[in-house]
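What follows is each chain in one-letter form.
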Amino acid sequence: MAAISVDTLRKTFGRGAGVVTALDDVSFDVGDGEFFCLLGPSGAGKTTTLKSIAGLVEPDKGAVRIGGQDVADVEPTHRNLAMCFESYALYPQHNVFDNMASPLRSPRLRMPAADVRSRVGRIADMLGIGHLLDRSVTQLSNGQRQRVALGRVLVRPAHAYLLDEPLAHLDAKLRATMRAELKAISTDGLTTTVYVTHDYVEALSLADRIGVLREGRILQVGTPREMWASPANAFVAQAFGKPRINMLAGGLRTSRDHASTSESASSGLGRSAPRDGTHAFVAGGVEIPLRDIDAPPGESVQLAVRPRDLRLHVGAGDPPPGKVRLDGVVYVLEHLGRQTEVTVQIGESLVSVVAPRAAVPTLALDDKVGVLIDPSTTHVFLSGEEGKRVSP
Ligand code: ATP
C-alpha cells in the first residue's frame, strides 16, 4: 500500500498537425488506502493517466510518485502495482484457478501453495466465480472473463491497484453486485486504488474521492458529496445524474426586492455586485432570487437544477411560498416504475422533472403545466460548457 502523487503530467501523441494532447497538466494525489475514481468521457485521458502511473506510457513532462518516490526511472514491473485494463488478456490454455494464481506464483512473489489457494478462493468467491475455478477460460462468457481478470489483479499484494473500467462488460445487475463487492473490499482502507470509469454511478458509489477529467485536464477533485452538491463548473454538474441536471440560460440582475440598495451600491461602479449580495436570475421574464452570487449583475449565466429538486404545479393558483413557477407544456411523459419523468418545454428549453409517480398529477402531452423551482436547490454557473460556479 502506498500513496500516489500525479504531478503536472503532460503527454502528447503524434506530431505536427496531427498532434493530440492526451494529458495537459494533470495533477492529483491519492492517499494511502484511498479509493480514487477518475471519471470522464471517452478520450478524456483516463487510460493515459493510468498507464503513466503504471509506467506503460512515458509522460513528456511531470512526475509520478509512489510512496513518495519519483518512479520515472523505475520499470513498470518494479513499481509493484496490480493492473487491470479493459482489454484483459488471460492465458487461454489455463483454467480460472491457474489464471488467477499466476501472479502469486511469479518468481517475485513465490507464494506458498496453501496461501495461493486461500487467496484465490477468497477473491473468486467474492467475485462470484468460485464455482468456475476448474473451468478453462475459453469456456467463459465475457462477463466471467472480466471477473477472472479483475480477480487476477485483486489476489496480488501490491502498493496499489490500477483498474480501468473493470466492470465494463458486465450486465447491469452484475455490475451492481460487483460494485457492492468492490465497495466492501475498498472500505477496509487497506488498498490504494485508482479506478477509471465513465459511469458516474460507479464513481459516486465506490470512490472516496473523484477526479473529473476532460480533454486531458482535471476539472475538479472532491468527495462524491462535494461533486454532487457543489460542482465547480457546468461540465462537472452535468457529469453526475440521470436525467442530466437542467441548465437554464439567462442573465443576472440585481434582485427587484433590493433594487434600491443595489442601485446606490453600483452607482459609479458600473456592473458591480450589490452590497448585500442579492441577485436574481432572469429568463423569459421570470425572476428567481439568489443570494451571495460571485458575479456582477449583467453577467450571462446558467441556472442548474437537478430533476429531482423540481416539482410540477398544475392550475392557475399562486406557487407555494418560497417557490418560483416557470410555465411550460408537457413534452414527454415517462413512467419508470415508481418514478415518473416529465419533460417540460419552457420557452426554448427542455426541463426534466423526476418525481415519485404518486406525486405527479394526471397529465397528457401538450398540457400546460408549471415547474416549481426552490431557489435554495439551484447552482449558478457562468455561461459556457465549463462555466465556473458562482453560487455558494
Ligand atoms: P476511453 O474512455 O475511450 O478509453 P480515455 O479517457 O481513457 O478514453 P485515453 O485512452 O487516455 O482516453 O486517450 C486520450 C487521448 O489520447 C485520446 O484522444 C486518444 O485518441 C489519444 N491517444 C491515446 N493513446 C494514444 C496513442 N497510443 N497514440 C495516439 N493517440 C493516443
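Note that the structure is a prediction, hence the values are computed from the model and not measured.

1. Describing the overall build of the protein chain
In terms of regular secondary structure, the protein chain is built from nine helices and 20 strands. Dimensions of the protein chain, computed from the C-alpha atoms along their principal axes, are close to 80 × 50 × 40 Å. Considering only contacts in the protein chain between residues 6 or more positions apart, those separated by 24 or more positions represent 66%. Working note: accessible area of the protein chain is about 18,500 Å², and carbon and sulfur atoms make up 50% of it. Averaging the positions of the 44 positive and the 44 negative side-chain charges in the protein chain gives two centres separated by 4 Å.

2. A look at the packing of aromatic side chains
Inspection of every chain in the model, using the stated rule, returns three aromatic pairs. Ring plane angle 40° and centroid distance 5.5 Å describe the contact between phenylalanine 35 and tyrosine 195, whose orientation is recorded as tilted. Linking phenylalanine 35 in strand E3 (residues 35–39) with tyrosine 195 in strand E8 (residues 193–197), this pair joins segments that are 160 residues apart in sequence. In terms of burial, phenylalanine 35 and tyrosine 195 fall into one category: buried. The cationic tip of arginine 306 hangs over the ring face of tryptophan 228; the distance from NZ or CZ to the ring centre is 3.8 Å.

3. Examining the sheet that holds strand E2 (residues 20–30)
What the four strands build is an open sheet, ordered E2-E1-E4-E5; its pairing is antiparallel. What marks the edges here is a single partner per strand, and that holds for E2 and strand E5 (69–70). Pairing of strand E4 (residues 61–66) with E5, which is carried by two bridges, proceeds in the antiparallel orientation. Along E5, the bridge assignment pairs isoleucine 66 with glutamine 69.

4. Some words on unusual backbone geometry
Along the chain, lysine 242 connects to proline 243 via a cis peptide bond; the corresponding omega equals -10°. Although it is not a glycine, glutamate 215 adopts a positive phi angle of roughly 45°. With respect to the helices and strands, glutamate 215 occurs in the loop between strand E9 (209–214) and strand E10 (217–222). The residue aspartate 366 is not glycine, and still its phi comes out positive at about 75°. Within the secondary structure layout, aspartate 366 lies in the loop between strand E18 (349–356) and strand E19 (368–373).

5. Quick word on the pattern of salt bridges
In total, this model carries 15 salt bridges according to the counting rule given. As a salt-bridge pair, aspartate 25 and lysine 61 come within 3.2 Å of each other at their nearest N and O atoms. Pair noted here: aspartate 25 is in strand E2 and lysine 61 is in strand E4, with a separation of 36 residues, a long-range link. Judged by relative accessible area, which is 42%, aspartate 25 ranks as partly exposed. Between arginine 214 and glutamate 385 there is a salt bridge, with the nearest N and O atoms lying 2.3 Å from each other. You can see arginine 214 sitting in strand E9 and its partner glutamate 385 sitting in the segment after strand E20 (379–382), a full 171 residues away along the chain. The buried category is assigned to arginine 214, whose relative accessible area is 12%. Several salt bridges share partner residues, and in doing so they unite Arg214, Glu215, Arg217, Glu385 and Glu386 into one network.

6. Let's talk about the domain arrangement of the protein chain
Parsing the protein chain into structural domains produces domain 1 (4–236) and domain 2 (246–382). For domain 1 versus domain 2, the distance between C-alpha centres works out to 40 Å. Counting from both sides, the interface comprises seven residues of domain 1 and, opposite them, five residues of domain 2. Between domain 1 and domain 2 the total buried area reaches about 450 Å² when both faces are included, carbon and sulfur atoms providing 63% of it. Broken down residue by residue, the surface that domain 1 buries against domain 2 is led by Trp228, Pro231 and Ala234, which jointly contribute 81%.

7. A look at the packing of helix H4 (residues 142–154) against helix H5 (residues 172–186)
Angle between the axes and distance between the axes: these two values describe a pair of packed helices. Two elements in contact, H4 and H5, have axes whose closest approach is 13 Å; the angle formed by their N-to-C orientations is 5°. Taken together, the axis directions place H4 and H5 in an arrangement best described as roughly parallel. On H5, the residues touching Arg147, Leu150 and Leu154 of H4 are Leu174, Met178, Leu182 and Ile185. In the contact of H4 with H5, the residues fall into six nonpolar, no polar and one charged.

8. Focus on the site of the ligand
Surveying the vicinity of the ligand reveals the residues Phe13, Val20, Ala22, Pro41, Ser42, Gly43, Ala44, Gly45, Lys46, Thr47 and Thr48. A distance of 2.8 Å is found between an oxygen atom of the ligand and a backbone nitrogen or oxygen belonging to glycine 43. Contact between the ligand and threonine 47: an oxygen atom at 2.8 Å from a side-chain N or O atom of the residue. Burial of the ligand by the surrounding chains reaches 58%, relative to a free accessible area of 640 Å².

About the cut-offs
Residues numbered from 1 in each chain as written. Predicted model: local features only at pLDDT ≥ 70, side-chain atom pairs only at ≥ 80, totals over all residues. Heavy atoms only, no water. Helix = DSSP H or I, 4+ residues; strand = E, 2+ residues; numbered from the N terminus. Contact = heavy atoms within 4.5 Å. Areas by Shrake-Rupley, 256 points an atom, 1.4 Å probe, with all protein chains shown as cover. Lys, Arg positive; Asp, Glu negative; His and termini not counted. Charge placed at Lys NZ, Arg CZ, Asp CG, Glu CD. Phe/Tyr/Trp six-rings, centres within 6.5 Å; stacked < 30°, edge-to-face > 60°. Buried < 20%, exposed > 50% of the residue type's maximum accessible area, 1.4 Å probe, protein only. Lys NZ or Arg CZ within 6 Å of the ring centre and 35° of its normal. Pairing = 2+ DSSP bridges. Salt bridge = Lys/Arg side-chain N within 4 Å of Asp/Glu carboxyl O. Domains from an automatic or database assignment. Buried area = accessible area lost by both parts, 1.4 Å probe. Axes fitted to C-alpha atoms, helices over the stretch in contact; angles between N-to-C directions. Parallel < 35°, antiparallel > 145°, perpendicular 65-115°, else oblique. Nonpolar A, V, L, I, M, F, W, Y, C, P; charged D, E, K, R; others polar. Near = heavy atom within 4 Å. Polar contact = N/O pair within 3.5 Å; in protein donor to acceptor, adjacent residues only side chain to side chain.

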